[in-house]
Amino acid sequence: MSFINEIKERAKKEIKTIVLPEATDIRILEATQIVKQQGYAKIILIGEKEKVVNIAKEKNIDIEGIEIINPVNSDKTEEYAKTLYELRKQKGMTEEQAKKLVLDPVYYGMMMVKLNEADGLVSGASHSTSDTLRPALQILKTAPGTKLVSAFFIMVVPNCKYGSNGTFIFSDSGLNEEPDSEALSEIAISSSKSFEKLVGQKAKVAMLSYSTYGSAKSEATEKVIQATKLVKQKEPSLLVDGELQLDAAIEPKVAELKAPESQLKGEANVLIFPDLGAGNIGYKLVQRLAKAEAYGPLCQGIAKPVNDLSRGCSSDDVAGVIAITAVQAQIDN
């Protein structure tokens, strides 16, 4: 069974409610139809009901029975505005600003998650990452013990002998632009936990660079070396190594040549990129050239499950992220 089908089967064991605030996006409606047909989550769409229904009919998309909430006329809007004001008044938010913000579908959806009227939220098909994560951090805040919110992709590469049967986490590929060694260490630790929770395999973490074991020296390589040391100090039981070039991280024969002492032995399944540029380019290359399934950016470190989408996502990608979000909600309970 494929990774995403396993996730969907896990999601079916305890149905969770996922909010989709981009209800007029065709891909979101098509994903809603997929979820409805396969039955692994309850969907709530946020938007103007008549407009959403008309778009679905025009495109022959079946969303019959799916709850659609319009913040403009919802009987919850006033309560949400008051709660948002109380949450943010110390940061300078006024009651008028709160009333205006909860009319925004993303803010309204976040309030549903905050007040346990939904279990998670997926957005980003037609919003920027900041438009999704800003309200998440304002309303839901970070998870207990979290030092850094970061984003990762689950990459599933077809007919691939590397990683865990072709499954990897690429991190951070969606949020932190220039993490220092401390931030990189936190990203690595969070990503290892996400891999084990979602993939169900032991995490093998590679701290990536353009250098392997000092084959080149610069501030950039030193950052990765220091990050690796920090990870080992914080999580002594975690299987992690760096700095490593990609081929030494995932190809055993290359690892024997370049890093014969590495405990990873060329079997890494969690790839930690030195910066956002490398991580974002890396995932898109693998997605397009290797025809990999790319699920994300998935968020780690937020108090409740909120996941971003690439604006180039397909409806199948959205349906997959909904399933992952539902499983994250099960784990977080």
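Owing to the predicted nature of the structure, the values given are computational and were not obtained by experimental measurement.

Trainee: It is not clear to me how the overall build of the protein should be interpreted in this structure. Could you clarify?
Mentor: Each helix and strand in the protein was counted, giving 13 helices and 11 strands. Relative to the compact-globule value of 20 Å for 333 residues, the protein shows a C-alpha radius of gyration of 21 Å, a close match. Taken along the three principal axes of its C-alpha coordinates, the protein extends 65 × 45 × 30 Å. Buried positions account for 55% of the 333 residues belonging to the protein. Looking at the protein alone, contacts between residues at least 24 apart form 72% of all its contacts between residues at least 6 apart. Accessible surface computed for the protein: about 15300 Å², of which carbon and sulfur atoms make up 48%. Of the charged side chains in the protein, 41 are positive and 45 negative; the average position of the first set lies 2 Å away from that of the second.

Trainee: Explain the pattern of salt bridges to me, please; I cannot follow it from the model alone.
Mentor: Any two side chains of opposite charge can pair, given that their charged atoms come close. Inspection of the entire model under this criterion finds 16 salt bridges. For Lys 76, the salt bridge goes to Glu 117, with nearest N and O atoms at 3.2 Å. Residue Lys 76 is located in the loop between β3 (67–69) and α4 (77–88), and its partner Glu 117 is located in the loop between α6 (105–114) and β4 (120–122); the two are separated by 41 residues in the primary sequence. Overlapping salt bridges, with partners in common, bring together Lys 76, Glu 79 and Glu 117 in one network.

Trainee: Would you take a moment to explain the nonpolar core for this structure?
Mentor: For soluble globular proteins, nonpolar side chains are generally found buried alongside one another. Leu 45, Ile 154, Met 207 and Ile 322 are the most contacted members of the largest nonpolar core, which totals 60 residues. In this structure Leu 45 touches Leu 20, Ala 23, Ile 28, Leu 29, Thr 32, Val 52, Ile 63, Ile 66, Glu 67, Ile 68 and Ile 69, once residues within four positions along its chain are discounted. Listed in part, the 27 residues of the second largest apolar core include Met 110, Met 111, Met 112 and Ala 118.

Trainee: How do you make sense of the packing of helix α1 (residues 3–12) against helix α8 (residues 181–199) when you look at a structure like this?
Mentor: Pairs of packed helices are described in terms of their axes, by the angle between the two and the distance that separates them. α8 packs onto α1 with a crossing angle of 75 degrees between their chain directions and a minimal axis gap of 10 Å. In terms of orientation, α1 and α8 fall into the roughly perpendicular class. In contact with Phe 3, Ile 7 and Arg 10 of α1, α8 contributes Lys 197, Leu 198 and Val 199.

Definitions and cut-offs
- Residues numbered from 1 in each chain as written.
- Predicted model: local features only at pLDDT ≥ 70, side-chain atom pairs only at ≥ 80, totals over all residues.
- Heavy atoms only, no water.
- Helix = DSSP H or I, 4+ residues; strand = E, 2+ residues; numbered from the N terminus.
- Rg over C-alpha atoms; globule rule 2.2 N^0.38 Å.
- Buried < 20%, exposed > 50% of the residue type's maximum accessible area, 1.4 Å probe, protein only.
- Contact = heavy atoms within 4.5 Å.
- Areas by Shrake-Rupley, 256 points an atom, 1.4 Å probe, with all protein chains shown as cover.
- Lys, Arg positive; Asp, Glu negative; His and termini not counted.
- Charge placed at Lys NZ, Arg CZ, Asp CG, Glu CD.
- Salt bridge = Lys/Arg side-chain N within 4 Å of Asp/Glu carboxyl O.
- Core = buried A, V, L, I, M, F, W, Y, C linked by side-chain atoms within 4.5 Å.
- Axes fitted to C-alpha atoms, helices over the stretch in contact; angles between N-to-C directions.
- Parallel < 35°, antiparallel > 145°, perpendicular 65-115°, else oblique.

Read these as spatial facts, not as claims about activity.
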